[in-house]
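Below are the chains, spelled out letter by letter.
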Amino acid sequence: MTKPQGVIRPATACDVQRIHEVERACFSDPWSTGLFAGLLAGEESGMARVFVADVEGRVLGFIVAERADPEVHITNVAVHEECRRTGIARRLLDAALSWARSLGLEEAWLEVRESNAAARGLYREFGFVVANRRRAYYRHPTEDALVMVLVLHRGATLPEPLVAASLAGGA
Ligand SMILES: CC(C)(COP(=O)(O)OP(=O)(O)OC[C@H]1O[C@@H](n2cnc3c(N)ncnc32)[C@H](O)[C@@H]1OP(=O)(O)O)[C@@H](O)C(=O)NCCC(=O)NCCS
């Protein structure tokens, strides 16, 4: 597939509707517009960052990173079906992790459906490793979540085997 042009940039309040369209197209249990609007308000206080993939003025993907020192939580990421597998999620995740590293945060955490091969492939590429499982965490349909972690700085307080696996590039 041809790579779409476009930029990864911080979201603004004007992006909420379009972010929500991508959200609704991607998830069976979507977040509300109010939730995104609230996150963008939190962004002003530095506690969250939402990045969007802007292709010729169209928002085709987004990522949400929330600060919980010394961790960053990647709480949402989605790319419109029409432009998947063109590297947009990789660029979004890269932007979110760069933001977290610039703040000196030590670990990145996220949850993913066990059956979500695409997302797990993306996270594995960055070195995320499975740290835990939350039983029946997701709805529509009910499914376990895998909790994944990535070491950003060596000061992390994780158990050594997880640190070693993450620093080795994932498993
Ligand atoms: C997961 C998702 C965000 C990936 O977005 P994307 O822009 O297509 O991903 P990228 O093109 O940046 O892919 C980067 C890497 O991730 C992995 N990957 C992405 N899609 C994949 C798939 N369908 N199968 C296996 N690996 C995949 C690959 O390693 C890929 O690198 P490659 O294309 O060079 O092999 C997208 O599929 C999506 O929006 N899914 C629905 C929402 C969702 O599940 N979000 C995650 C919630 S935890």
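Scroll up for the structure.
Since we're looking at a predicted model, the values are computed, not measured.

Here is what the cut-offs are and how they apply
- Residues numbered from 1 in each chain as written.
- Predicted model: local features only at pLDDT ≥ 70, side-chain atom pairs only at ≥ 80, totals over all residues.
- Helix = DSSP H or I, 4+ residues; strand = E, 2+ residues; numbered from the N terminus.
- Rg over C-alpha atoms; globule rule 2.2 N^0.38 Å.
- Expected span 1.5 Å × (residues − 1).
- Buried ≥ 20, exposed ≤ 12 C-beta atoms within 10 Å, placed from the backbone.
- Arc of directions from axis to C-beta.
- Near = placed C-beta within 6 Å.
- Nonpolar A, V, L, I, M, F, W, Y, C, P; charged D, E, K, R; others polar.
- Domains from an automatic or database assignment.
- Pairing = 2+ DSSP bridges.
- Axes fitted to C-alpha atoms, helices over the stretch in contact; angles between N-to-C directions.
- Contact = placed C-beta atoms within 7 Å.

Caption draft 1: Up close: the overall build of the protein. In terms of helices and strands, the protein carries five helices and seven strands. Along the chain direction, N to C, the helices and strands of the protein fall in the order β-α-α-β-β-β-α-β-α-β-β-α. Against the compact-globule benchmark of 16 Å for 171 residues, the protein has a radius of gyration of 16 Å, which places it among compact chains. Dimensions along the principal axes, computed over C-alpha positions, put the protein at roughly 45 × 35 × 35 Å.

Caption draft 2: Fine view of helix H2 (residues 33–44). The terminal C-alpha atoms of H2, which comprises 12 residues, lie 17 Å apart, in line with the 16 Å expected from a rise of 1.5 Å per residue. For H2, the set of buried residues is Phe36, Leu39 and Leu40. Buried residues of H2, seen end-on, are gathered within an arc of 100° and therefore sit on one face of the element. Turned more than 90 degrees off the buried face of H2, the exposed positions are Gly34, Ala41 and Glu44.

Caption draft 3: Layout of the site of the ligand. Neighbouring residues of the ligand: 19 residues in total, closest Arg84, Ala89, Ala118, Gly121 and Leu122. Breaking the shell around the ligand down by element, the ones donating at least two residues are strand S4 (71–79), helix H3 (88–102) and helix H4 (117–126). In the shell around the ligand, the residues fall into 11 nonpolar, four polar and four charged. Counting residues domain by domain, the shell around the ligand receives three or more from each of domain 1 (1–105) and domain 2 (109–171).

Caption draft 4: Local environment of the pairing of strand S7 (residues 143–151). Here strand S5 (residues 107–113) runs beside S7; their pairing, made up of seven bridges, is antiparallel. Across the sheet, residue Glu107 finds its bridge partner in S7, namely Val151. As defined by bridge partners, strand S6 (residues 129–138) adjoins S7 across six bridges and the pair is classed as antiparallel. Bridge pairing links Val130 to Met148 in S7.

Caption draft 5: Just the sheet that holds S5, in detail. Spatially, seven strands are ordered S1-S2-S3-S4-S5-S7-S6 in an open sheet, and the strand pairing comes out mixed. Each edge of the open sheet is held by one strand with a lone partner, namely strand S1 (7–10) and S6. Looking at each pair of strands side by side, their axes are set apart by 25° on average, direction ignored. Sheet strands in contact with H2 are strand S2 (48–55) and strand S3 (58–68), and its direction is about 115° off that of S2.

Honestly, it's all geometry; don't read function into it.
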